[in-house]
Amino acid sequence: MQRHRIAVSSWSFHTFFERDKNNPDKQLWDPREFPEMIADRYQVHNVEMVLPHLGPVAPFLVRDFKARLAKAHSRVVNMPLDYGELWNKPAISSTDAAEREHAIGLYKKGIDAAAALEGPAVRADPGNVNLEDPSITIDSYKELAAYARSKGIALVVENHGAIARDPDTLIRILKSAGI
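Remember, predicted model here, so these are calculated numbers, not experimental data.

**Student:** Now, about the packing of aromatic side chains: what can you tell me, with residues and values included?
**Tutor:** By the definition in use, this model includes three aromatic pairs. Aromatic pair Phe-13 and Phe-34: ring centres 5.8 Å apart, planes at 65°, arrangement edge-to-face. Of the two residues, Phe-13 is situated in the loop between strand S1 (8-9) and strand S2 (19-20) and Phe-34 in helix H1 (residues 34-42); the sequence distance between them amounts to 21 residues. Relative accessible area serves as the criterion here: at 14%, Phe-13 is assigned to the buried category.

Now the structure itself:
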């Protein structure tokens, strides 16, 4: 089997990364153990780490996770930047400049974390897109793509959520934004 072409996503184990209901400051499982567990159990060394599974994007956590990746002879191949606070909201597609800038700022922190982990790609969702006029979404993606490129990161979009029902608009956004 060509395991070097396979990656395991932390999303497959997302219930292990949830917070302890009796102690919200504690996760049930330390996400920094993920690369070693995947390498030991499945002999797979490529991981897709959903950024919120790491917890707060603190430099010491990113450094420790990178060290654990190295110890497991593993690497991050993609990092979905799935911030729960942006779900089901306009986010980078918002007509409210403050809301849009907040979402872009979160995604930039995620891009920085992926760059520190030497990951080649991140995924940033468009939020609730105005299908009649996606220009705000396009402009936001142009800004994020330029920032990601400056860090050596590819910006990708997954066709899930409401935009998946309108693939023509999604393709227009991606082509117009250059991602």
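**Student:** So what about unusual backbone geometry? Which residues, and what values?
**Tutor:** Even without being a glycine, His-73 presents a positive backbone phi close to 55°. Within the secondary structure, His-73 is located in the loop between helix H3 (59-71) and strand S5 (75-80). Positioned with a positive phi, Ala-91 is a non-glycine residue whose angle comes to about 50°. Locating Ala-91 in the fold gives a position in the loop between S5 and helix H4 (97-116). With a relative accessible area of 1%, Ala-91 lands in the buried category.

**Student:** Go over H1 with me, naming the residues and quoting the values.
**Tutor:** Where H1 is concerned, the buried positions are Phe-34, Pro-35, Ile-38 and Ala-39. Buried residues along H1 cover an arc of 130° about the axis, so they all sit on one side. Those residues of H1 that are exposed and angled more than 90 degrees off the buried face are Asp-40 and Arg-41. Just past H1, the residue Gln-43 takes up positive phi, approximately 55°.

**Student:** Go over H4 with me, naming the residues and quoting the values.
**Tutor:** For H4, spanning 20 residues, the distance from its first C-alpha to its last is 28 Å, which sits close to the expected 28 Å at 1.5 Å a residue. Looking at the packing, one finds that the buried side of H4 touches helix H2 (51-54), H3, S5, strand S6 (121-123) and helix H5 (135-150).

**Student:** Describe the packing of H4 against H5, listing the residues and the values that go with them.
**Tutor:** Viewed as axis vectors pointing N to C, H4 and H5 meet at an angle of 25°, and their least axial separation amounts to 10 Å. Considering their axes alone, H4 and H5 lie roughly parallel with respect to each other. Of the two elements, H4 crosses H5, and the hand of that crossing is right-handed. Of the residues in H5, those in contact with Arg-100, Glu-101, Ile-104, Tyr-107, Lys-108, Ile-111 and Asp-112 of H4 are Ile-136, Ser-140, Glu-143, Leu-144, Tyr-147 and Ala-148.

**Student:** Just give me the short version of the pairing of S5, but keep the residues and values in it.
**Tutor:** Both strand S4 (residues 46-48) and S5 contribute to a ladder of three bridges, which runs parallel. Counterpart to Val-47 in the pairing with S5 is Val-76. As judged from the two bridges shared by S5 and S6, these two strands associate in the parallel manner. Counterpart to Pro-80 in the pairing with S6 is Arg-123. Since S5 and S6 lie parallel, the crossover through H4 that links them has a hand, and here it is right-handed.

**Student:** Please provide a residue-by-residue account of the nonpolar core, values included.
**Tutor:** Phe-34, Met-79, Tyr-141 and Leu-144 are the most contacted members of the largest nonpolar core, which has 45 residues in total. Contributions of two or more residues to this core are made by H1, H2, H3, S5, H4, H5 and helix H6 (167-177). The greatest single-element share of this core, amounting to seven residues, is contributed by H4. If we skip the residues at most four places from it in the chain, Phe-34 touches Val-8, Ser-9, Ser-10, Phe-13, Phe-17, Trp-29, Val-47, Glu-48 and Met-49.

Rules of the game
- Residues numbered from 1 in each chain as written.
- Predicted model: local features only at pLDDT ≥ 70, side-chain atom pairs only at ≥ 80, totals over all residues.
- Heavy atoms only, no water.
- Phe/Tyr/Trp six-rings, centres within 6.5 Å; stacked < 30°, edge-to-face > 60°.
- Helix = DSSP H or I, 4+ residues; strand = E, 2+ residues; numbered from the N terminus.
- Buried < 20%, exposed > 50% of the residue type's maximum accessible area, 1.4 Å probe, protein only.
- Arc of directions from axis to C-beta.
- Expected span 1.5 Å × (residues − 1).
- Contact = heavy atoms within 4.5 Å.
- Axes fitted to C-alpha atoms, helices over the stretch in contact; angles between N-to-C directions.
- Parallel < 35°, antiparallel > 145°, perpendicular 65-115°, else oblique.
- Left-handed = near helix turned anticlockwise from the far one by under 90°.
- Pairing = 2+ DSSP bridges.
- Right-handed = clockwise from strand over helix to strand, strands pointing away.
- Core = buried A, V, L, I, M, F, W, Y, C linked by side-chain atoms within 4.5 Å.

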